[in-house]
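Observations on the three-dimensional arrangement
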Amino acid sequence: MANLNIDSVKERTFDAIVIGSGMSGGWAAKEFTDKGLKTLILERGRDVKHIKDYPTTNLYPWEFEHRGEMPMDVQEANPIINRCYAFGEDAAHFFVKDKEHPYIQEKPFDWIRGYQVGGKSLMWARQTQRWSEFDFEGPARDGFAVDWPIRYKDIAPWYSYVEKFAGISGNKDGLAELPDGEFLPAYPLNAVEDYFSKHVKQTYKNRHVISARCAHLSKPNQIHLDQGRSQCQERTLCQRGCPFGGYFSANASTIPWALKSGHATLRPFSVVHSVIYDEAKGKATGVRVIDTNTKESIEYYAKVIFVNAAAINTNLILLNSKSHRFPNGLGNDSGVLGKYVAFHNYSAHIGAEYDGFKEWKTDGRNPAGGGYMPRFRNVYKQETNFLRGYASGFGAYRGYKHSWDGVGENLKDGLANKELGPWRVGSHMMGETIPKETNFVALDPDKKDAWGIPQLRISVDYDDNDEKMKKDYLEQLKEMFTTAGFTNIQTSSNHQAPGLDIHEMGGARMGLDPKTSVLNKWNQVHACKNVFVTDGASMTSTSCQNPSLTYMALTARAADYAISEMKKGNI
Amino acid sequence: MDRRTALRNLALVIGAAALLPACTKSNPIVHYKHFDINLDQQTLITDMAETIIPKTTTPGATDLGLYAFIMKMVDDCSTKKDQQAFIKGMGEFNDVPKKLLNKSFADCSKKEKEDVLKSFEKKDNKYSKDLLAFYNTVKGLTVWGYTESKYFLTKINVYELVPGRYNAWFPVKNLKAGTKNG
């Protein structure tokens, strides 16, 4: 520490510190500042101001030097990030380049990161499906991981709370496996999506294709206008950052909201080295930050610390927070910190054509992406040779047939042709995976990054359950496609590494028993009550629904609890 | 167009590439980041692109600067292996009009140039892998550059940056011509 005089310490002391400014950190910052708490938001990357820092957002296709393609030298130098679907010329500046932030892959793991204010909430796919009772009771019922210390009823009001502010479009579908929420109008299914939905419902009693629920302002309420956001304009160029604030991002919503309160300090270029634990006080007193530009080490202090660095980096920070009391990482009495990491299996797809509904097409673009089929396997009881199940995306689209044949005027005519092609349909698998002790992250004993922080070793892989589930997905979707009369059905199964789903979870899981978990039912570190983890690291199991909405709800819930505990003088 | 005029015009078109009078006096070398080509080859690719997307009552490849786009994409966005195949195939290309019509591509009429290029799209053609790679690259990038040009996306197939609507059920009979992603 360069300067320990009293004024300096005072300047560096806050009521709350939030590590990370993305999907969940933004929510923690909002909740604390709403209650008047002096809050420091730490972000390891640069600032990205809403609208101002979206350089590509209003570019036309022909204005991109390579028409969206990444130059080959960038692709070859960045094999990991280059595999991410959104890493193109319009959004590459929001993704971490491989060499700048190295890690060790004991097994292939595509760690997709966005180091900036807003984190990955800028580029996310915006799907917001609630988890259900079947998800929270899953581990206990099926005998894997540990029992979730909460049930659906504990989180339900907090889903409502965050949905109202974030703005979620959807229908009330009345499905127990995908509970309804506080919805703005849904983006409707198109002709073929609707046809498939009806076909599936008639053919199978427990299968449903609904409008995907997504974080788009289909019809904003006052609370959204108050954030400076406006109605989604159906551009579907979201990964560039949205000048309308049409979808939820921390940049458009929670972060400016927190800053507007006057109670927040945002410090970009601040990577957290570790959480400081005070042995005498028996709690954390602050965090040790390294300025990523000057490499200066600075300490900040607060009564409560929220760790929202994104799942894997949250694990890194906790593992690196070593003290006499916690020699193996903060709160790691159980030895499970860094273990039971899981993800979503996105490695199967199916596509086909449909020779019907020729009198219909779509007009404009659908921000929701189409339909969503909630999990129908093993919902009420175990009934297959694998545990858990999968959700399926389902979309139909009708484009024009442009002929590339020939040269000269014939070709020009062919390219200008307006003849509509057939409907094309497609689905992708979103499978739950089972958290296991053998899927873990750990600090490398020797290798450090540019800021002297240990590099992570990541050892995460698929297992036999994933293979069986994928086989079932492809069989079931093929059957549903076939009986629906779809033709030219093509299934594909790739071997994409875990991580590319960008739904990595766990490592600091919640649980009832401190001997087998890191966090309690309030996302509070069992053995260090003023530290909370409310991002993906806290997840006990993965469900098959997209997790961001659940991180938001858990964060708001935990912040509310932390504030009440502070008031009571308990932390 | 004489060579001097061609050279000047091309220098305007090629943008980042440096045109240096080297090697033979009459056939300067054009340096790209990852390879060199000569002026005759540059003329050939320009000519091929214009044959693929000719100027009619509407703009053609030359009007739209597609040569520069083709070369930028080959230079910046292709693998070393693909660049090598492109260069090798380009070297073999001159033999095709020679064999078919006993003249160089530059000396062919518009119709003959079209016939030469169409010979690559015949199913039973016997062209080498590299030669086909060269043709397919020039054709593909010409069409891509054309269909993503400002002209095409504002006049032929109008691209909307801000649609402001999603109609899930849109009757085909109500379709207005010229809307992309419509």
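Residues numbered from 1 in each chain as written. Chains lettered and ligands numbered in written order. Predicted model: local features only at pLDDT ≥ 70, side-chain atom pairs only at ≥ 80, totals over all residues.

**Re the overall build of chain B**
The condition that has to hold: Helix and strand labels come from DSSP, where a helix needs a run of H or I of at least four residues and a strand needs a run of E of at least two; each type is numbered from the N terminus. Whether a residue is buried, exposed or partly exposed follows from its count of other C-beta atoms within 10 Å of its own C-beta, namely 20 or more, 12 or fewer, or something in between, respectively; the C-beta atoms are built from the backbone. We call two residues in contact when their backbone-placed C-beta atoms lie within 7 Å.
For chain B, the helix and strand inventory stands at 8 helices and 4 strands. When each of the 182 residues of chain B is scored for burial, the buried share is 30%. Long-range pairs, those at least 24 residues apart, make up 48% of the contacts in chain B between residues at least 6 apart in sequence.

**Observations concerning the overall build of chain A**
For clarity, the cut-off: Here the radius of gyration uses the C-alpha set of atoms, whereas the globule reference equals 2.2 Å times the residue count to the power 0.38.
For chain A, the helix and strand inventory stands at 13 helices and 22 strands. A globule of 571 residues ought to have a C-alpha radius of gyration of about 25 Å, and chain A, at 24 Å, matches this closely. Principal axes of the C-alpha set define a box for chain A whose edges measure 80 × 55 × 50 Å. Relative to its 571 residues, chain A shows a buried fraction of 53%. Of all intrachain contacts in chain A linking residues separated by at least 6 positions in sequence, the fraction that spans at least 24 positions is 71%.

**A few points about the pairing of strand E20 (residues 487–493) of chain A**
All names here are of chain A. Heads up, the condition is: Criterion used throughout: strands pair if DSSP finds at least two bridges between them.
Among the 7 residues of E20, 0 are classified as buried, and the element is accordingly described as predominantly exposed. Bridge analysis of strand E13 (residues 348–354) against E20 gives 5 bridges, and the strand direction is antiparallel. Considered in E20, the bridge of His-349 is made with Ser-492.

**Structural notes on the nonpolar core**
We apply this condition: Buried Ala, Val, Leu, Ile, Met, Phe, Trp, Tyr and Cys residues whose C-beta atoms connect them within 7 Å together make up a nonpolar core.
Residues Ile17(A), Ile19(A), Ile305(A) and Val307(A) are the most contacted members of the largest nonpolar core, which totals 162 residues. The element that contributes the greatest number of residues to this core is helix H13 (residues 548–567) of chain A, accounting for 10 residues. If we ignore the near neighbours within four places in the chain, the residues touching Ile305(A) are Ile17(A), Val275(A), Ala284(A), Val287(A), Asn530(A) and Val531(A). Grouped together as the second largest cluster of nonpolar side chains are 33 residues, Val407(A), Ile53(B), Leu66(B) and Cys77(B) included.

**Things to note about the interface of chain B and chain A**
Note the cut-off: Under the scheme applied, nonpolar residues are Ala, Val, Leu, Ile, Met, Phe, Trp, Tyr, Cys and Pro; charged residues are Asp, Glu, Lys and Arg; polar residues are all the others, including Gly.
If you look at the interface, chain B gives 39 residues, while chain A gives 37 residues. Those elements that place two or more of their residues in the side of chain B that touches chain A are helix H2 (39–52), helix H3 (66–77), helix H6 (110–118), helix H7 (129–147), helix H8 (150–156) and strand E4 (166–171) of chain B. Broken down by element, the residue count for the side of chain B that touches chain A peaks at 6 residues, all from E4(B). In terms of residue class, the side of chain B that touches chain A is made up of 22 nonpolar, 10 polar and 7 charged. The pairing of strand E14 (residues 360–364) of chain A with E4(B) spans 4 bridges and is classified as antiparallel. Within the sheet, the bridge partner assigned to Trp360(A) lies in E4(B) and is Pro171(B).

**Let's talk about the sheet that holds strand E19 (residues 454–459) of chain A**
All names here are of chain A. What the 3 strands build is an open sheet, ordered E3-E19-E18; its pairing is mixed. Because the sheet does not close on itself, it has two edges, and the strands there are strand E3 (104–105) and strand E18 (440–448). By the bridge criterion, 5 bridges tie E18 to E19 in an arrangement that is antiparallel. Across the sheet, the residue bridging to Phe-440 is Ser-459, located in E19.

**With respect to the packing of H3(B) against H7(B)**
Residues and elements named next belong to chain B. Selection criterion: All axes are obtained by fitting lines to C-alpha atoms, using only the stretch in contact for helices, and the reported angles, taken between N-to-C directions, cover 0 to 180 degrees. Here the word oblique covers every angle except those under 35 degrees (roughly parallel), over 145 (roughly antiparallel) and from 65 to 115 (roughly perpendicular). For any pair of crossing helices, the crossing counts as left-handed if the nearer helix is rotated counterclockwise from the farther one by less than a right angle, and right-handed if it is rotated clockwise.
At a minimum axis separation of 9 Å, H3 and H7 run at an interaxial angle of 120 degrees. One way to sum up the angle between H3 and H7 is to call them oblique. Our pair here, H3 against H7, has a crossing hand that is right-handed. Where H3 abuts H7, its residues Leu-66, Phe-69, Ile-70, Met-73 and Val-74 lie against Thr-137, Val-138, Leu-141, Thr-142, Gly-145 and Tyr-146.

**What about the environment of Thr483(A)?**
Along the chain, Thr483(A) falls in helix H12 (residues 464–483). For Thr483(A) and Thr203(A), which are 280 residues apart along the polypeptide, the C-alpha to C-alpha distance reads 8.8 Å.

**Here we look at the pairing of strand E1 (residues 13–19) of chain A**
Residue and element names in this part refer to chain A. Rule in force here: The handedness of a crossover follows from its direction of travel: if, with the strands pointing away from the viewer, the path from the first strand over the helix to the second runs clockwise, the crossover is right-handed.
Burial within E1 is extensive, with 5 of its 7 residues counted as buried. With 6 bridges connecting them, E1 and strand E10 (residues 297–307) associate as parallel partners. Looking at E10, one finds that Val-18 is bridged to Phe-306. As paired strands, E1 and strand E2 (residues 39–42) are joined by 4 bridges and run parallel to one another. Its bridge partner lying in E2, Ile-19 is registered against Leu-42. Each parallel crossover has a hand, and for E1 linked through helix H2 (residues 25–34) to E2 it is right-handed.

**Observations concerning the confidence of the model for chain A**
For the record, the criterion: pLDDT gives the predictor's per-residue confidence on a scale running from 0 to 100.
When pLDDT is averaged across chain A, the result is 97; 99% of the residues are at 70 or more. Ranking the helices and strands of chain A by mean pLDDT puts strand E22 (residues 531–533) of chain A first, with 99, and helix H1 (residues 6–11) of chain A last, with 88.

**Observations regarding unusual backbone geometry**
Only a minority of non-glycine residues have a phi that is not negative, and only a minority of peptide bonds are not trans. Residues and elements named next belong to chain A. Unlike most non-glycine residues, Arg-67 shows phi in positive territory, near 50 degrees. When you line up the elements, Arg-67 lands in the loop between E2 and helix H3 (72–77). You can call Arg-67 buried: it has 20 C-beta atoms within 10 Å. The backbone of Tyr-340 shows a phi angle near 60 degrees, a positive value even though the residue is not glycine. Mapped onto the elements, Tyr-340 comes out in strand E11 (residues 339–342). On the basis of neighbour count, Tyr-340 is assigned to the buried category, with 28 C-beta atoms found within 10 Å.

**Focus on H3(B)**
This is how the line gets drawn: Under the convention used throughout, the expected extent of a helix is 1.5 Å for every residue step, that is, one less than its residue count.
Between its first and last C-alpha, H3(B) extends 15 Å over 12 residues, near the 16 Å set by a 1.5 Å rise per residue. Of all the 12 residues making up H3(B), 9 are buried; the element is thus mostly covered by neighbouring parts of the structure.

**Structural notes on the packing of helix H4 (residues 80–93) of chain B against H7(B)**
All names here are of chain B. In the contact formed by H4 and H7, the axes pass within 7 Å of each other and the chain directions differ by 100 degrees. By the criterion of interaxial angle, the relationship of H4 to H7 is roughly perpendicular. Of the residues in H7, those in contact with Ala-85, Phe-86, Lys-88, Gly-89, Met-90, Glu-92 and Phe-93 of H4 are Asp-130, Leu-131, Ala-133, Phe-134 and Thr-137. Class assignment for the residues of the contact of H4 with H7 results in 7 nonpolar, 2 polar and 3 charged.

**Comments concerning the environment of Pro435(A)**
Residues and elements named next belong to chain A. By the element assignment, Pro-435 lies in the loop between strand E17 (420–432) and E18. Taking the C-beta count within 10 Å as the criterion, Pro-435 has 23 such neighbours and is therefore assigned buried. Along the primary structure Pro-435 and Val-341 are separated by 94 residues, whereas in three dimensions their C-alpha atoms are 5.7 Å apart. Setting aside chain neighbours within four positions, we find Pro-435 in contact with Ala-145, Tyr-340, Val-341, Ala-342, Gly-506 and Ser-541.

**Brief notes about H13(A)**
The first and last C-alpha atoms of H13(A) sit 29 Å apart over 20 residues, in line with the 28 Å expected at 1.5 Å per residue. Among the residues trailing H13(A), Gly569(A) stands out with phi positive, at a value near 80 degrees.

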